[in-house]
Amino acid sequence: MDLTLSSQELAFRDELRAWLIGNIPKDWVKALSATHGQREHFEFLRAWQRKIYEGGWAGISWPKEYGGRGAGLMEQVILTEEMARAGAPQMPGILGLALVGPTLIACGTDAQKRRYLSKILSGEEIWCQGFSEPNAGSDLAALRTEARLEEGHFVVTGQKVWTSYGWASDWCELVVRTDPNVPKHKGLTVLLVDMHSPGVEVRPLRQMTGETEFNELFFEKVKVPVENVVGKVGDGWNVALGTLMHERATLGAGVQITYKRNFDRLLEVARELGRTADPIIRQKLAQSYAEIEIMRLNQMRAYSRINQSGVPGPEGSIQKIFWSEVNQRFQQVAQEVLGPYGQLSKGAPGVFDEGQWSYGYLRARGNTIEAGTSEIQRLILGHFVLGLPKSY
Ligand SMILES: Cc1cc2nc3c(=O)[nH]c(=O)nc-3n(C[C@H](O)[C@H](O)[C@H](O)COP(=O)(O)OP(=O)(O)OC[C@H]3O[C@@H](n4cnc5c(N)ncnc54)[C@H](O)[C@@H]3O)c2cc1C
């Protein structure tokens, strides 16, 4: 790859840089960390996403006719890097932006693209991913939520679990079983389900961080119009795999913004606390810095593959393993740098950085499970990249 920016790309970067300076909310980290996981926090970030959309920076690579910018790989890379550099907040509609939108661009009908894409970009409609069930996580094809065709509608009954942002979502990309009489991978279909439909119940699950980011979803005879099928009936496995590959390949770009900001802050705090004189701490900080930099380059490789072939490849699993494990190591380093300060959670007397370090340490545990566990990513790499035999 030639990473030298052309004059056009430099102009794009400078315009974006100036826009970010003028538009990033001041002191937002401090103001927001006290409301982590709450509606107020979410709405603040939603307003930020709308601002990005109105500024013309959302959906950099999405087609112009659906509200995107129709730009290429380098603009995507520049956007992520400049957001990280400027310490910008992440966008809350991340599942729509990283997963559902790309799936609709690849497999949706024109009517679906027109109806949903621009609202995903603006954050007007928030999406969740209804894949996992109590007995179907790594083995997603074992899922049992059923959809029966009755008088021009699918009628959906079943349960999903661990649905991130289910409580805030307007729509769900739901994988259902439409045919129980064929091999398990062949009987699945992907539906777009209105979360405000009668029969949908969302029950928040409390995590060890104290917040309720994810949820259980219950569907009791929920009517879904047939035009809400993505791809073909019975082809849900392929559509869902496409979504998962986008999740692995592109979610790293979003988290990179947060990691870079967290790293810069930790470095600042380490200096304030006089911890940088410790040679072991210096080594560990340098290692974290190097790993976050490698993540940036891995992300370019993932984007490059999407730009060349239109779809992410199994190499996206490298990025998924890497970002999840990098964060766990980084959060451990943060605890070592901060000592007892790192364990204080929000609301505690004398709390440091509004408790973001104890939150970050606990939340990082889920990184190697969400979007497919590290064991599953290694199976994918072993089989599809290295050509090793399947283990199951
Ligand atoms: C923070 C977070 C957010 C999430 N958000 C969502 C969401 O928005 N939507 C959604 O649908 N799901 C979501 N999930 C669920 C997530 O996708 C599943 O938890 C994950 O796929 C693992 O499935 P499971 O929990 O059923 O564990 P299991 O599949 O039961 O796995 C248990 C253990 O066995 C290992 N294992 C399983 N099969 C194999 C194998 N063949 N070879 C080797 N090891 C194996 C796993 O690696 C794991 O260590 C989220 C999870 C977390 C933690």
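Note on numbering: residues in each chain are counted from 1, in written sequence order. For this predicted model, a pLDDT threshold of at least 70 governs which residues receive local features, and a threshold of 80 or more governs which side-chain atom pairs are given and counted, while totals over whole chains, interfaces and linings are taken from all residues. Only hydrogens and water are set aside when side-chain values are computed; all heavy atoms of the structure are taken into account.

Q: Can you explain the pattern of salt bridges? Please cite residues and give values.
A: Salt bridge, as used here, is a side-chain nitrogen of Lys or Arg placed within 4 Å of a carboxyl oxygen of Asp or Glu. Here the structure, examined in full by the defined rule, presents 24 salt bridges. Ionic pairing is found between Arg85 and Glu82, a salt bridge with its closest N-O pair at 3.7 Å. Of this pair, Arg85 and Glu82 both sit in helix H4 (residues 73–86), three residues apart, which is roughly one turn of the helix. Relative accessibility decides the category of a residue: with a 1.4 Å probe and only protein chains considered, values under 20% of the type maximum give buried, values over 50% give exposed, and everything between is partly exposed. Overall, the relative accessible area of 52% leaves Arg85 in the exposed class. Relative accessible area serves as the criterion here: at 5%, Glu82 is assigned to the buried category. Under the scheme used here, helices are H or I runs from DSSP no shorter than 4 residues and strands are E runs no shorter than 2 residues, and both carry numbers assigned from the N terminus.

Q: Any chance you could break down the packing of helix H1 (residues 7–23) against H4 for me, citing the residues and the numbers?
A: An axis is simply a line fitted to the C-alpha atoms; with a helix, the fit covers only the stretch in contact. Between two such axes, the angle follows the N-to-C directions and lies from 0 to 180 degrees. At a minimum axis separation of 10 Å, H1 and H4 run at an interaxial angle of 30°. As far as their axial angle goes, H4 and H1 are roughly parallel. Our pair here, H1 against H4, has a crossing hand that is right-handed. Residues Glu9, Phe12, Arg13, Leu16, Arg17 and Leu20 of H1 touch H4, and the partners they reach there are Met74, Glu75, Ile78, Leu79, Glu82, Met83, Arg85 and Ala86. Three classes are used, and their members are as follows: Ala, Val, Leu, Ile, Met, Phe, Trp, Tyr, Cys and Pro are nonpolar, Asp, Glu, Lys and Arg are charged, and the others, Gly among them, are polar. Here the contact of H1 with H4 is built from residues that sort into eight nonpolar, no polar and six charged. Throughout, the term roughly parallel applies to angles under 35 degrees, roughly antiparallel to angles over 145, roughly perpendicular to angles from 65 to 115, and oblique to all others. Here a crossing is called left-handed whenever its near helix is offset anticlockwise from the far helix by less than a right angle, and right-handed whenever the offset is clockwise. Residues count as neighbours in contact if any of their non-hydrogen atoms are within 4.5 Å of one another.

Q: Outline the site of the ligand, supporting the account with residue identities and numerical values.
A: Taken together, 17 residues lie near the ligand, and Gln129, Ser132, Ser138, Trp162 and Thr373 sit nearest. Contact distances for the ligand include 3.0 Å between an oxygen atom and a backbone N or O atom of Phe131. Pairs of N or O atoms within 3.5 Å make up the polar contacts considered here, provided that, within protein, one atom can donate a hydrogen while the other can accept it, and that residues adjacent in sequence are counted only when both atoms are side-chain atoms. Backbone polar atom of Ser132 to an oxygen atom of the ligand: 2.7 Å apart, as the coordinates give it. Here, Shrake-Rupley sampling with a 1.4 Å probe gives the accessible areas, and only protein chains in the shown set may cover a residue. Against a free-state accessible area of 970 Å², the protein chains account for coverage of 68% of the ligand. Near residues are defined by distance, with any heavy atom within 4 Å of the molecule or strand qualifying the residue.

Q: So what about unusual backbone geometry? Which residues, and what values?
A: Its identity as a non-glycine residue notwithstanding, Tyr165 has a phi of 60°, on the positive side. Tracing the sequence through the fold places Tyr165 in the loop between strand E3 (153–164) and strand E4 (171–177). Of note, Ala371 is a non-glycine position whose phi angle comes to about 60°, a positive value. Secondary-structure assignment places Ala371 in the loop between helix H10 (356–364) and helix H11 (374–385).

Q: Kindly report on the packing of H1 against helix H3 (residues 39–54), identifying the contributing residues and their values.
A: Packing of H1 against H3 leaves a shortest axis separation of 12 Å and a crossing angle of 145°. The chirality of how H1 crosses H3 is right-handed. Residue-level inspection shows Trp19, Leu20 and Asn23 of H1 in contact with H3, the latter providing Trp48, Lys51 and Ile52. A breakdown of the residues in the contact of H1 with H3 according to their chemical character gives four nonpolar, one polar and one charged.

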